[in-house]
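Here is how the chains run, residue by residue.
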Amino acid sequence: MITKKNGYLRPLDLKHGRIDMNHGAGGRVGAQLVDELFARAFNNPYLRQGNDGALLSVPAGQRLVMATDAHVISPLFFPGGDIGSLAVHGTVNDVAMLGATPLYLSASFILEEGFPLAQLKRIVESMAAASRACGVPVVTGDTKVVEKGKGDGVFISTTGLGVVPEGRDIGGANAQPGDAVLLSGSIGEHGVAVLSQRESLQFETAILSDSAALHTLVAAMLAAAPEGAVHVLRDPTRGGLATTLNEIAQQSGVGMLLQEAAIPVLPQVAAACELLGLDPLYIANEGKLVAIVAPEAASAVLAAMRTHPLGLRAAQIGQVSEDANRFVQMTTAFGGRRVVDWLSGEPLPRIC
Amino acid sequence: MKYVDEFRDGTLARNLAASLQAEVDPARHYSFMEFCGGHTHALARYGVVDLLPGNVRMIHGPGCPVCVLPIGRIDMGIQLALERGAMLCTYGDVMRVPASDGLSLLRAKARGGDIRMVYSPADALQLARNHPGREVVFLAIGFETTTPPSALVIRQAAREGIKNFSVLCCHVLTPSAITHILQSPEVAQYGTLALDGFVGPAHVSIVIGSAVYEPFASTYRKPVVISGFEPLDVMQSILMLVRQVNQGRAEVENQFTRAVNRAGNRAAQAVTTEVFELRDSFEWRGLGEVPFSALKIRPEFAPFDAECRFELIYQAVPDHQQCECGAILRGVKRPTECKLFGTVCTPENPMGSCMVSSEGSCAAHYTYGRFRDIPVLTT
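Predicted, not measured: the structure shown is a model, and the values here were computed from it.

> Would you take a moment to explain the overall build of chain B for this structure?
Helix and strand counts for chain B come out as 15 helices and 13 strands. What you see for chain B is a C-alpha radius of gyration of 21 Å, in line with the 21 Å of a compact globule of 379 residues. Relative to its full complement of 379 residues, chain B shows a buried share of 54%. For chain B, restricting intrachain contacts to residue pairs at least 6 apart in sequence, the fraction spanning at least 24 positions comes to 76%.

> What exactly am I supposed to notice about the overall build of chain A here?
Looking only at helices and strands, chain A features 9 helices and 13 strands. A globule of 352 residues ought to have a C-alpha radius of gyration of about 20 Å, and chain A, at 22 Å, matches this closely. C-alpha extents for chain A along the principal axes are approximately 75 × 55 × 35 Å. Among the 352 residues that make up chain A, the fraction classed as buried is 49%. Across chain A, the fraction of contacts at a sequence separation of at least 24, relative to all contacts at a separation of at least 6, is 85%.

> What should I look at first to understand the environment of Ala 314 of chain A in this one?
All names here are of chain A. Position of Ala 314 relative to the elements: it lies in the loop between α9 (298–306) and β11 (315–321). A count of 25 C-beta atoms within 10 Å places Ala 314 in the buried class. Separated by 25 residues in the primary sequence, Ala 314 and Leu 289 place their C-alpha atoms 9.4 Å from one another. Those residues in contact with Ala 314 that lie beyond four places of it in its chain are Leu 182, Leu 183, Ser 184, Gly 185, Leu 302, Met 305 and Arg 306.

> Got a minute to help me understand the domain arrangement of chain A in this structure?
Where interface size is quoted, it is often the accessible area lost as the parts come together. All names here are of chain A. Taken domain by domain, chain A consists of domain 1 (21–165) and domain 2 (180–339). Distance between the C-alpha centres of domain 1 and domain 2: 27 Å. With 19 residues of domain 1 at the contact, the number on the domain 2 side is 21 residues. Those elements that provide at least two residues to the side of domain 1 that touches domain 2 are α3 (83–96) and β4 (101–112). Along the lines of polarity and charge, the residues of the side of domain 1 that touches domain 2 split into 11 nonpolar, 8 polar and no charged.

> Help me out: how do you make sense of the interface of chain A and chain B in this one?
Between chain A and chain B, the residue contacts involve 26 residues of the former and 44 residues of the latter. Listed by contribution, the elements that provide at least two residues to the side of chain A that touches chain B are α8 (267–276) and β13 (337–339) of chain A. Per element, the largest residue contribution to the side of chain A that touches chain B is 4 residues, and it comes from α8 of chain A. Tallied by class, residues from the side of chain A that touches chain B come to 12 nonpolar, 8 polar and 6 charged.

> Just checking my understanding: could you explain the sheet that holds strand β7 (residues 180–183) of chain A for this structure?
Within a sheet, neighbouring strands are paired by backbone hydrogen bonds and run either parallel or antiparallel to one another. All names here are of chain A. Strands sit in the order β8-β10-β7-β11-β9-β12-β13 across an open sheet of 7 strands; the sheet is mixed. Either end of the sheet is taken by a strand with one partner, and the two such strands are β8 (230–234) and β13. The average angle at which neighbouring strand axes cross in this sheet is 25 degrees, direction not considered. Sheet topology note: the strand β9 (residues 255–259)/β11 ladder contains 4 bridges and is antiparallel.

> When you look at the packing of helix α2 (residues 37–45) of chain B against helix α15 (residues 361–369) of chain B in this model, what are you seeing that I'm missing?
If you want to describe how two helices pack, look at the angle between their axes and the distance between the axes. All names here are of chain B. Contact geometry for α2 and α15: axes closest at 9 Å, N-to-C directions at 15 degrees. Our classification of the angle between α2 and α15 gives roughly parallel. Relative to α15, the crossing made by α2 is right-handed. Judged by residue contacts, Thr 40, His 41, Ala 44 and Arg 45 of α2 engage Ser 361, Ala 364, His 365, Tyr 368 and Gly 369 from α15. Grouping the constituent residues of the contact of α2 with α15 by class yields 3 nonpolar, 5 polar and 1 charged.

> Looking at this model, I keep getting lost on the environment of Asp 210 of chain A. Mind explaining?
Take Asp 210 of chain A: it is sitting in the loop between α5 (189–195) and α6 (215–224). It is 5.5 Å that separates the C-alpha atoms of Asp 210 of chain A and His 190 of chain A, two residues lying 20 residues apart in sequence.

> Explanation requested: unusual backbone geometry in the structure shown.
Trans peptide bonds make up the majority, and among non-glycine residues the majority have a negative phi. Residue Ser 74 of chain A is joined to Pro 75 of chain A through a cis peptide bond whose omega torsion reads 0 degrees. Relative to the elements of secondary structure, Pro 75 of chain A occurs in the loop between β1 (62–71) and β2 (77–78). Positive phi is not limited to glycine here, since Arg 326 of chain A has a value of about 55 degrees. Examined against the element boundaries, Arg 326 of chain A turns out to sit in the loop between β11 and β12 (328–331). Assessed through the 17 C-beta atoms surrounding it within 10 Å, Arg 326 of chain A is described here as partly exposed. One non-glycine residue, Asp 101 of chain B, lies in the positive phi region at around 60 degrees. C-beta crowding within 10 Å serves as the criterion here: with 9 such atoms nearby, Asp 101 of chain B is assigned to the exposed category.

> Please clarify how the packing of helix α6 (residues 147–160) of chain B against helix α12 (residues 266–275) of chain B should be interpreted in this entry.
Residues and elements named next belong to chain B. At a closest axis distance of 8 Å, the pairing of α6 and α12 adopts a crossing angle of 55 degrees. One element, α6, and the other, α12, form an angle in the oblique class. Seen along the crossing, α6 lies across α12 with a hand that is left-handed. Residues Thr 147, Pro 148, Ala 151, Leu 152, Ile 154 and Arg 155 of α6 lie in contact with α12, whose contacting residues are Ala 268, Val 271, Thr 272, Glu 274 and Val 275. Broken down by class, the residue content of the contact of α6 with α12 amounts to 7 nonpolar, 2 polar and 2 charged.

> Just checking my understanding: could you explain helix α1 (residues 10–23) of chain B for this structure?
Each turn of an α-helix holds 3.6 residues, which means side chains three or four residues apart point in the same direction. Taking 1.5 Å of rise per residue, the 14 residues of α1 of chain B would be expected to cover 20 Å, and the 20 Å separating its terminal C-alpha atoms lies within 8% of that figure. The inward-facing, buried residues of α1 of chain B contact α11 (231–246) of chain B.

> Please explain the sheet that holds β1 of chain A as it appears in this structure.
Residue and element names in this part refer to chain A. The mixed open sheet is built from 4 strands, whose spatial order is β1-β6-β4-β5. The outermost strands of the open sheet, each flanked by one partner alone, are β1 and β5 (138–146). Ignoring which end each strand starts from, the neighbouring axes of this sheet average 15 degrees apart. Where β1 lies against strand β6 (residues 154–165), 10 bridges are found, and the strand directions are antiparallel. Across the sheet, Gln 62 pairs through a bridge with Pro 165, a residue of β6.

> Would you mind going over the nonpolar core with me for this structure?
A general feature of soluble globular proteins is that nonpolar side chains tend to end up buried together. Counting 228 residues, the largest nonpolar core has Leu 182, Ala 291 and Val 301 of chain A together with Ile 238 of chain B as its most contacted members. Examining the composition of this core, we find that 9 residues originate from one element, α11 of chain B, more than from any other.

> What exactly am I supposed to notice about the pairing of strand β12 (residues 288–291) of chain B here?
It is a general feature of regular strands that their side chains alternate between the two faces of the sheet. Residue and element names in this part refer to chain B. For strand β11 (residues 281–284) and β12, the ladder comprises 4 bridges, and the chain directions are antiparallel. Note on β12: the bridge partner recorded for Phe 282 is Val 290. Turn length for the β11-β12 hairpin, with the two strands adjacent in sequence and antiparallel, is 3 residues, and the turn residue Gly 286 shows positive phi of about 90 degrees.

> Can you help me understand the pairing of β6 of chain A in this one?
Note that β4 of chain A and β6 of chain A share 10 bridges and pair antiparallel. By the bridge assignment, Ile 110 of chain A is partnered in β6 of chain A with Phe 155 of chain A.

> I would appreciate a short explanation of the environment of His 41 of chain B in the present structure.
Residues and elements named next belong to chain B. Structurally, His 41 can be placed in helix α2. Among the residues examined, His 41 registers 24 C-beta atoms within 10 Å and is labelled buried. Sequence separation between His 41 and Glu 359 is 318 residues, and the spatial gap between their C-alpha atoms is 5.1 Å.

Scoring rules and cut-offs
Residues numbered from 1 in each chain as written. Chains lettered and ligands numbered in written order. Predicted model: local features only at pLDDT ≥ 70, side-chain atom pairs only at ≥ 80, totals over all residues. Helix = DSSP H or I, 4+ residues; strand = E, 2+ residues; numbered from the N terminus. Rg over C-alpha atoms; globule rule 2.2 N^0.38 Å. Buried ≥ 20, exposed ≤ 12 C-beta atoms within 10 Å, placed from the backbone. Contact = placed C-beta atoms within 7 Å. Domains from an automatic or database assignment. Nonpolar A, V, L, I, M, F, W, Y, C, P; charged D, E, K, R; others polar. Pairing = 2+ DSSP bridges. Axes fitted to C-alpha atoms, helices over the stretch in contact; angles between N-to-C directions. Parallel < 35°, antiparallel > 145°, perpendicular 65-115°, else oblique. Left-handed = near helix turned anticlockwise from the far one by under 90°. Expected span 1.5 Å × (residues − 1). Core = buried A, V, L, I, M, F, W, Y, C linked by C-beta atoms within 7 Å.

Structural data, given as structure tokens:
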């Protein structure tokens, strides 16, 4: 991937330059972009192999886990993160939700003609910093350029590889009646932080996206419980907590009963949702997880979550029930009961 | 959340539930219509229904602005976006309302229409300022709550001499809808719809005041309690209605005193009258043509009236034959009595308008309350 420096090549103008079609044409200009921006930021032995793919070693006795995620967020920069860090966290989390240790990432960038190189540099450096902080290197990548108007600045697609020991079986179909439903912290921050930056909807808020890599939290939880006690792990991203719980109920053929009062929501998030006519249960998170855990292990797992910086506000929010209709129901803080349904379409604000 | 949580307090709710239980006459039934979609939503969202005595039935009224918008009106908006190249702006709720030819604003957008969701008509006016080369149309819907903001932007556009902005006015009036229900055969002649009183509008009443409901109490002998949109408001209002019924009273009472007075917001009324005038008749989805039930833009502001500007002609479009939205909006049927409910008509694929907005009776029941009438298809 890293080509020999041509002494006569003028360095990339990372201050005022813009992406043009040449950057994707596969010639010297493209190689220079890879060299001076991507390879420099993500620098690691796998990238330095300089091949089209990376040769990776896999620990013995482990199974591979692979997950992929495309990131098309608008705006690209939001309070608490950007598309770069998000592209790392999102995929690392998808791998971690199978109880796996994430090891490697690939990244492919689709860049729109005219995109400022300074912004691209900011994104790539943030992505590299996130990858270093997670300990999961970007080992291979690709860049394509599309004509102006055919992209939205930058799209980043990442794939993650991880390993999980033989015998560990964590997945959405494993919830059992009686299991405890645990949530690692307050919901709705990512969605509200992003919404607050939308051109049509600017409002002042101090809410930061919760974008974070959850694999160390997962490791701490798994270490605190006997093998097999954690049945399901899932990060409630798009569609929010409500949609994630419905997915699990559907997959496992069970129902759930939640306690609204137990679900942590920051007051700022509650206020913003109130104002916009949205429900925090349906707002995206990027640094939270739901765990469905055998009842006898619930308190140990919850205690482990609460000692981890990403799980300080972890709580048991309900339990799994037997229900042929697979309803997720909730006792409201008001004292009634209701269904917590799937999200249908984009969350739309109510009019009055 | 301060000033909001106080109105959602579980302990107070239990106390109110106990008072209701103690005061209802077990020998009779109580049927109250909550007019507003906001009340319907609160009843379902907070599980208020579980806290009411078994002999108190809440009937969902026609006060969901999205639900009563007829197909033909959405078609006009779609026509503007797809055929006339206009940038069409509207409230988020309207985006999914089913229109003709399997379209909705959301689907028209996917076909290339420039259709945008805004939170306020002022945002639409701003888009017009920002895109002087484009025709920007605000599809204005809603009851008296959303009417003054529409009036304000029209007046503002006129003052600024903005040439590329207009409003497709679909504003409707609450009192005419209530009258329509009270005069409907089911209530007035056959008595098939027992109606003991109304939970009166919250935000609408802030604008129009409480006095306008007095004829309903005096002429039709139906108690009206104007109620806030929070769940405790609704419970307290139901208790006030039960008391009126028990004591044989039919009065307008105001539970929402923190916001509503007898005269309403005169400034809002003034700007509304300045810009809008009564329509002779307007088609409501579910209710049909209702005389003097809606507003149109006055001739003085004709350049800002999309109907004049684009010479739009309204064409009525019938609802799906089996759709019971009409009967549901009049309170004659419950969502579960519709054959389409939960089978072909779901929030993902709404056939009728009551399934679109979370304020609609069908959507509220499907989304929050369907565990009460299991079995419903789950996949």
